[in-house]
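# Structural features, examined
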Amino acid sequence: MAENEAGTAGGTARGTAAEREAGNGTSRTSRRAVLLAAGSAGATALTTACGGQGGTRGAAGQPSRPPVGTGTPACVLATEAGAGPYYMDLDRVRSDITEGRGGVPLRLDLTVVKVSEGCRPLEGARFDVWHADSSGDYSTGKATFLRGTQVTDAAGRCVFRTIVPGWYAGLAPHIHFKVHPDARTETTSQFFFPEDVLLQVYARRPYARRPAPKHPNSRDSRYRAAGTTMTLPLSPDGAGYRAAFTVGIA
């Protein structure tokens, strides 16, 4: 189904390359990266916020803790991207967003920091995520699977439990997100996945019901522009995967 069409009676819609279109509320990816000077108070704040369990990584995919013999960690703004046509402001606060949708389990341990304020952890920010299911379908209408909201705690952290999204024509598999630090502002972007992991996942059921592209990521210009910044650092976690990621907002 084309992205400008209405959802089916079952409350799903298939994503297509039309998600790139500005007419559907998607802007072209804009690269924004700001590094704080080594030794700043912001770098110390980032270490405090992101150096806990789970090996949280910065938005550039680099470890939040500095390697031995180096200076303080970098603080990086998330690369912004459009929301696509399937965002719904549901305010559905929950950690587990699967609603029984089949797929390889994925846990997201997310931290939000305010770059312009010394990378302090951002408490009380609303964090929305949404993505396609294993068949490449989004929930629409009254359906709400694979959508949810969390509010960050005092350390700027929140957790989502979901599945690895399926692929659909023209775009690298991704998870959309919005961060609302207050009622007036928001940052919109998306997470990508390592291509080798995607190929392993898509060989498993229920994904294997459709033949996956040989190169799910490289065909997408958005991934080529932002993949090095916004790709999740996945690690095995039981039957699925886990990723810790720090989102820096302006």
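This text gives an overview of the structure that appears in the document. (Residues numbered from 1 in each chain as written. Predicted model: local features only at pLDDT ≥ 70, side-chain atom pairs only at ≥ 80, totals over all residues. Heavy atoms only, no water.)

### Here's the deal with the packing of aromatic side chains
The relative placement of two aromatic rings is captured by the distance of their centres and the angle of their planes. Under the definition given, this model contains 7 aromatic pairs. Here the aromatic rings of Phe191 and Phe245 are separated by 5.0 Å at their centres, their planes lie at 65°, and the arrangement is edge-to-face. With a gap of 54 residues between them, Phe191 in strand β9 (residues 187–191) and Phe245 in strand β11 (residues 240–249) connect regions that are remote in the sequence. Assigned by exposure class, Phe191 and Phe245 land together as buried. With a centroid separation of 5.3 Å and 85° between ring planes, the pair formed by Phe192 and Tyr223 is classed as edge-to-face. Of the two residues, Phe192 sits in the loop between β9 and α2 (195–201) while Tyr223 sits in helix α3 (residues 221–230), which places them 31 residues apart along the sequence. Feature note: the residues Phe127, Phe160, Phe177, Phe191 and Phe245 constitute an aromatic cluster, connected by ring pairs. Cation over ring: Arg210 sits above Trp167, and NZ or CZ is 4.1 Å from the ring centre. (Phe/Tyr/Trp six-rings, centres within 6.5 Å; stacked < 30°, edge-to-face > 60°. Helix = DSSP H or I, 4+ residues; strand = E, 2+ residues; numbered from the N terminus. Buried < 20%, exposed > 50% of the residue type's maximum accessible area, 1.4 Å probe, protein only. Lys NZ or Arg CZ within 6 Å of the ring centre and 35° of its normal.)

### Things to note about the sheet that holds strand β4 (residues 126–130)
Reading across the sheet, the 4 strands line up as β6-β4-β8-β9 and stay open at both edges, with antiparallel pairing between neighbours. Unpaired on one side and paired on the other, β6 (147–151) and β9 mark the two borders of the sheet. On average, adjacent strands in this sheet sit at an angle of 20° to one another, irrespective of strand direction. (Pairing = 2+ DSSP bridges. Axes fitted to C-alpha atoms, helices over the stretch in contact; angles between N-to-C directions.)

### With respect to the pattern of salt bridges
Applying the stated criterion to the full structure yields 10 salt bridges. The shortest N-O distance in the salt bridge between Arg242 and Asp109 comes to 2.7 Å. Residue Arg242 is located in strand β11, and its partner Asp109 is located in strand β2 (residues 105–114); the two are separated by 133 residues in the primary sequence. Notably, a salt bridge pairs Arg120 with Glu117, separated by 2.4 Å at the nearest N-O pair. Each of Arg92, Arg94 and Glu99 takes part in one network of salt bridges that share partners. (Salt bridge = Lys/Arg side-chain N within 4 Å of Asp/Glu carboxyl O.)

### As for empty space enclosed by the protein
Considering all chains together, one arrives at 1 cavity of 30 Å³ or more under this definition. Reported here for the largest cavity is a volume of approximately 90 Å³. Lining the largest cavity are 13 residues, with Met88, Val129, Arg147, Gly148 and Thr149 positioned closest to its centre. Within the residue set of the lining of the largest cavity, elements represented by two or more residues are β4 and β6. Considering every element that reaches the lining of the largest cavity, the biggest residue donor is β4, with 4 residues. (1 Å grid on protein atoms, 1.4 Å probe; cavity = no way out; pocket = protein on both sides within 12 Å on 5 of 7 lines; lining within 4 Å. Points joined across faces, edges and corners; volume = space filled by probe spheres on them.)

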